[in-house]
Amino acid sequence: MTVDVHLGDEQGLDRSRRYLRPVARLQLPDEPDLVHLAVYEWLPQFEAWATGPAICGRSTTQGPLPEGTLVNCNQCAARRPEYEGHFAALVPRQPDAAPAVYDAATLAVLHAMEKAAEKHLDAIRPHNTKRSYANDWALWEELHDWLAERTGQPLPLTAFTKGTLVGFVVWLDTIKLAAPNSIDRRITESPSPRAGSVSKYPKSSP
Ligand SMILES: [Zn+2]
């Protein structure tokens, strides 16, 4: 079973806050059959939403159970108010002045932009990022071969101009029929293998 490390984002949770969530016991023979409570929070160092141990101290299965799940560990239930009080004290109440500053329409747009940015970042950060970039560079070279065949003039691979980059996208779209997501990523992250290698490229003689 895999854990969805972005579940918290999908549920609209705030990465700067901590939540209490029901969690399942470890599937070990001597483990009492109880549903516990654990802190659920965003761990930036792992780029993941994760649950900690139960607040009663027991180890648990990673990931939250659905929010309504009945917590039947008495120790967890007993400590719940303490934790909730702790969170309230720890997390500065967001100045809910937001509605006074932004109207609903503005907030809706900001929210949509946040969501879109998250989706975009997810889309451009696949797990196989490196292989994908290597593949992009191979495609970039392939474009140059393709162009050279047609124009008789090989272009330097380091010529990142508006013309070559847009040409690359159009070529991918029309000739290579790439998926829209990968085109999007190629526009935002041009296929330079190393930063700084772009600077000078020879003027092509006519
Ligand atoms: Zn417990």
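Here is what the cut-offs are and how they apply
Counting from 1, residues in each chain are numbered in the order their sequence is written. With the structure being a predicted model, the display of local features is reserved for residues of pLDDT at least 70 and the display and counting of side-chain atom pairs for 80 or more, all residues being used for whole-chain, interface and lining totals. Secondary structure elements are taken from DSSP: a helix is a run of H or I of four residues or more, a strand is a run of E of two residues or more, and numbering for both begins at the N terminus. Counting other C-beta atoms within 10 Å of a residue's own tells you its class, since 20 or more makes it buried, 12 or fewer makes it exposed, and anything in between is partly exposed; those C-beta atoms are placed from the backbone. Note that contacts rest on C-beta atoms placed from the backbone: two residues are in contact if these are within 7 Å. For two strands to be treated as a pair, DSSP must find no fewer than two bridges joining them. The axes are straight lines fitted to the C-alpha atoms, using for helices just the contacting stretch, and the angles between their N-to-C directions are given from 0 to 180°. Each nonpolar core reported here comprises buried Ala, Val, Leu, Ile, Met, Phe, Trp, Tyr and Cys residues connected via C-beta atoms within 7 Å. One number per residue, pLDDT, summarises how confident the predictor is, and it ranges from 0 to 100.

> Explain the overall build of the protein chain here, please?
In terms of helices and strands, the protein chain carries seven helices and four strands. Helices (α) and strands (β) of the protein chain occur, in sequence order from the N terminus, as α-β-β-β-β-α-α-α-α-α-α. Classification of the 206 residues of the protein chain by burial places 14% in the buried group. Within the protein chain, residue pairs in contact and separated by at least 24 positions form 54% of the contacts whose partners lie at least 6 positions apart.

> What is the right way to look at the sheet that holds strand 3 (residues 48–54) in this model?
Within a sheet, neighbouring strands are paired by backbone hydrogen bonds and run either parallel or antiparallel to one another. Taking strand neighbours across the sheet as the criterion, the four strands line up as 3-2-1-4 in an open arrangement whose pairing is antiparallel. Strand pairing shows two members of the sheet lacking a second neighbour, strand 3 and strand 4 (60–64), which therefore form its edges. With direction set aside, neighbouring strand axes in the sheet form an average angle of 45°.

> What exactly am I supposed to notice about the nonpolar core here?
Taken as a class, soluble globular proteins show a tendency for nonpolar side chains to be buried jointly. In terms of nonpolar packing, the biggest core is built from twelve residues, these being Leu20, Val23, Ala24, Leu37, Ala38, Tyr40, Trp42, Trp49, Ala54, Ile55, Cys73 and Cys76. Counting residues per element, the ones that place at least two in this core are strand 1 (18–25), strand 2 (35–43) and strand 3. Contacts of Ile55, omitting those with residues within four sequence positions, involve Leu37, Ala38, Cys76, Arg79 and Tyr83.

> Looking at this model, I keep getting lost on the confidence of the model for the protein chain. Mind explaining?
Interpreting fine coordinate detail is not advised for predicted regions of low pLDDT. Taken as a whole, the protein chain shows an average pLDDT of 72; of its residues, 59% reach a score of 70 or greater. Below a pLDDT of 50 lies the segment residues 92–100, which in the model reaches one contact outside its immediate sequence neighbourhood of four places, other chains included. With pLDDT under 50 throughout, residues 193–206 is counted as low confidence; its partners more than four residues away or in other chains account for twelve contacts.

> Even after reading the chapter, I still don't get the environment of Glu41, so can you show me in this structure?
Its place among the elements puts Glu41 in strand 2. Residues Glu41 and Arg17 lie 24 residues apart in sequence; the distance between their C-alpha atoms is 6.8 Å. Not counting the four nearest positions on each side in its chain, Glu41 is found in contact with Arg18 and Tyr19.

> Explanation requested: the environment of Phe87 in the structure shown.
With respect to the helices, strands and loops of the structure, Phe87 is situated in helix 2 (residues 74–90). Remark: the alpha-carbon pair of Phe87 and Leu20, spanning 67 residues in sequence, is separated by 9.4 Å.

> Sorry, what's going on with the pairing of strand 1 here?
Side-chain positions along a regular strand alternate between the two faces of the sheet. Bridge analysis of strand 1 against strand 2 gives seven bridges, and the strand direction is antiparallel. Residue pairing across strands places Tyr19 opposite Tyr40, the latter belonging to strand 2. Sheet topology places strand 1 next to strand 4; two bridges connect them, and they run antiparallel. Residue pairing for strand 4: Val23 is matched across the bridge by Pro64.

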